[in-house]
Number of protein chains: 2
Amino acid sequence: MSRVERLCVEKGLKMTGQRRVIARVLSDAKDHPDANEVCRRAILIDPHISLATVYRTVRVFEQNEVLERHDFGDGRARYEESGSQHHDHLINIETGRVIEFHNDQIEALQKLAAKELGFHLVGHRLELYGIPLETSED
Amino acid sequence: MSRVERLCVEKGLKMTGQRRVIARVLSDAKDHPDANEVCRRAILIDPHISLATVYRTVRVFEQNEVLERHDFGDGRARYEESGSQHHDHLINIETGRVIEFHNDQIEALQKLAAKELGFHLVGHRLELYGIPLETSED
DNA sequence: TTAAATGCAAAGAGTTTGCACATGG
DNA sequence: CCATGTGCAAACTCTTTGCATTTAA
């Protein structure tokens, strides 16, 4: 049983064959697939899965905090298993590859910045866009 | 002549009536309108403007760094005049209103974080989502 | 059993594009 | 004048939804 599936069970979600497969795909994913990619991988395991079901399922999973939805600005949502710890993303603009990182100082400053503006911080999005250091020597 | 129009002229862009109006709308905007909203405001000044032209125009303007495109996660692009200084956004999730802010410390830490991961930072996106402090007392 | 999940195809929202016509430099 | 911009409508991408059918609990 995949980690995502276990989380679903803990949340009391009805686990259908399709949901199990989608959960597995997301648990196995090392990247941040979009709905279409999740569907394609799911179909490799079990062809009885439609894109509509993927969309409905990821929404339910997201609402149950079993996975996280990201928007990297390319017009489609991407998904990843809810990690135990929060992290942000650095996107290598040469390859499109996404690297996860966490920085406590930045997190703290964000909270502070929001407070100074009169807000209680309930969420944030931080994405860094970079090029590999070797390549950037100009 | 609006500020955006002047920037366009400096870039050598051909200034048609429509582009002038769109430039004006964006110069006058105190918020971050989407393409549809830009079009509606433009039509108030001159009805001879179509949504397709707005899309084509904002793309040209963006490519010429005359305005900036933002994606606040609600599925449509939003635009604002390219300011002299960089800033990030705090979104009031109760009203949807966007507040601009700038924080040098966070900027510096971002650069550092990227460097530690082996990247040269060429861009970033930071959005804070918050609720007004008065309302958040629970 | 039965409320909830699924597949399909159609509908939406936002954005882009092909083509004939209009226009700025 | 003529390369470029525009309007219109159709196309495209991503996502959602209505409805008849299937399925988990």
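Student: What's the story with the pairing of strand S2 (residues 77–81) of chain B in this structure? I'm lost.
Tutor: Counted residue by residue, S2 of chain B has four buried out of five residues, so it is predominantly covered. Linking strand S1 (residues 67–71) of chain B back to S2 of chain B in an antiparallel pair, the connection comprises five residues, with Gly-73 of chain B at a positive phi of about 85°.

Student: So what exactly am I meant to see when it comes to the protein's contact with DNA strand D here?
Tutor: Lining the immediate environment of DNA strand D, one finds 22 residues, of which Tyr-55 and Ala-77 of chain A together with Thr-16, His-48 and Thr-53 of chain B sit closest. Backbone sugar and phosphate groups make up 73% of those atoms of DNA strand D lying within 4 Å of the protein. Here a phosphate oxygen of DNA strand D sits 2.4 Å away from a polar atom, N or O, in the side chain of Tyr-55 of chain A. Taking Thr-16 of chain B, its side chain carries an N or O atom lying 2.7 Å from a phosphate oxygen of DNA strand D. Among the elements that line the surface near DNA strand D, the one with the most residues is helix H4 (residues 51–63) of chain A, at five residues. Here the residues of the surface near DNA strand D sort into seven nonpolar, eight polar and seven charged.

Student: So what exactly am I meant to see when it comes to unusual backbone geometry here?
Tutor: With the exception of glycine, most residues fall at negative phi, and the peptide bonds are largely trans. Within the chain, Glu-65 of chain A stands out as a residue other than glycine whose phi angle is a positive 55°. In this fold, Glu-65 of chain A is placed in the loop between H4 and strand S1 (67–71).

Student: Explanation requested: the sheet that holds strand S3 (residues 88–92) of chain A in the structure shown.
Tutor: In a beta sheet, neighbouring strands pair by backbone hydrogen bonds and run either parallel or antiparallel. An order of S4(A)-S3(A)-S5(A)-S5(B)-S3(B)-S4(B) is seen for the six strands of this open sheet, with the pairing classed as mixed. Across the chains shown, the open sheet's two edge strands, defined by having one partner strand only, are strand S4 (98–101) of chain A together with strand S4 (98–101) of chain B. With strand direction ignored, the average angle separating the axes of adjacent strands in the sheet is 25°. Lying over the sheet, helix H5 (residues 104–116) of chain A contacts S3 and strand S5 (119–132) of chain A together with strand S3 (88–92), S4 and strand S5 (119–132) of chain B, oriented at roughly 135° with respect to S5 of chain A. Contacts from helix H5 (residues 104–116) of chain B reach S3, S4 and S5 of chain A together with S3 and S5 of chain B within the one sheet, and its direction differs from that of S5 of chain B by about 135°.

Student: Looking at this structure, how should I read the protein's contact with DNA strand C?
Tutor: In the region of DNA strand C, 21 residues are neighbours, and Thr-16, His-48 and Thr-53 of chain A together with Tyr-55 and Ala-77 of chain B sit closest. Taking Gln-18 of chain A, its side chain carries an N or O atom lying 2.8 Å from a sugar or linking oxygen of DNA strand C. Contacts to DNA strand C include Tyr-55 of chain B, whose side-chain N or O atom sits 2.4 Å from a phosphate oxygen. At the level of secondary structure, the elements contributing two or more residues to the surface near DNA strand C comprise helix H2 (17–28) and H4 of chain A together with helix H4 (51–63) of chain B.

Student: What am I meant to see in the pattern of salt bridges here?
Tutor: Note on pairing: side chains with opposite charge can pair once their charged atoms come close. Counted by the stated rule, this structure contains 26 salt bridges over all chains. Arg-69 of chain A is the partner of Glu-62 of chain A in a salt bridge, and the nearest nitrogen-oxygen pair spans 3.4 Å. Its relative accessible area of 24% is what places Glu-62 of chain A among the partly exposed residues. Residue class for Arg-69 of chain A comes out partly exposed when judged on its relative accessible area of 47%. Its salt-bridge partner being Arg-41 of chain B, residue Glu-37 of chain B comes within 2.7 Å of it at the nearest N-O pair. Pair noted here: Glu-37 of chain B and Arg-41 of chain B are both in helix H3 (residues 35–45), with a separation of four residues, about one helical turn. A residue is classified by how much of its surface remains accessible, and Glu-37 of chain B, at 18% relative accessible area, is buried. For Arg-41 of chain B, a relative accessible area of 22% gives the class partly exposed.

Rules used in this analysis
- Residues numbered from 1 in each chain as written.
- Chains lettered and ligands numbered in written order.
- Predicted model: local features only at pLDDT ≥ 70, side-chain atom pairs only at ≥ 80, totals over all residues.
- Heavy atoms only, no water.
- Buried < 20%, exposed > 50% of the residue type's maximum accessible area, 1.4 Å probe, protein only.
- Helix = DSSP H or I, 4+ residues; strand = E, 2+ residues; numbered from the N terminus.
- Pairing = 2+ DSSP bridges.
- Near = heavy atom within 4 Å.
- Polar contact = N/O pair within 3.5 Å; in protein donor to acceptor, adjacent residues only side chain to side chain.
- Nonpolar A, V, L, I, M, F, W, Y, C, P; charged D, E, K, R; others polar.
- Axes fitted to C-alpha atoms, helices over the stretch in contact; angles between N-to-C directions.
- Contact = heavy atoms within 4.5 Å.
- Salt bridge = Lys/Arg side-chain N within 4 Å of Asp/Glu carboxyl O.

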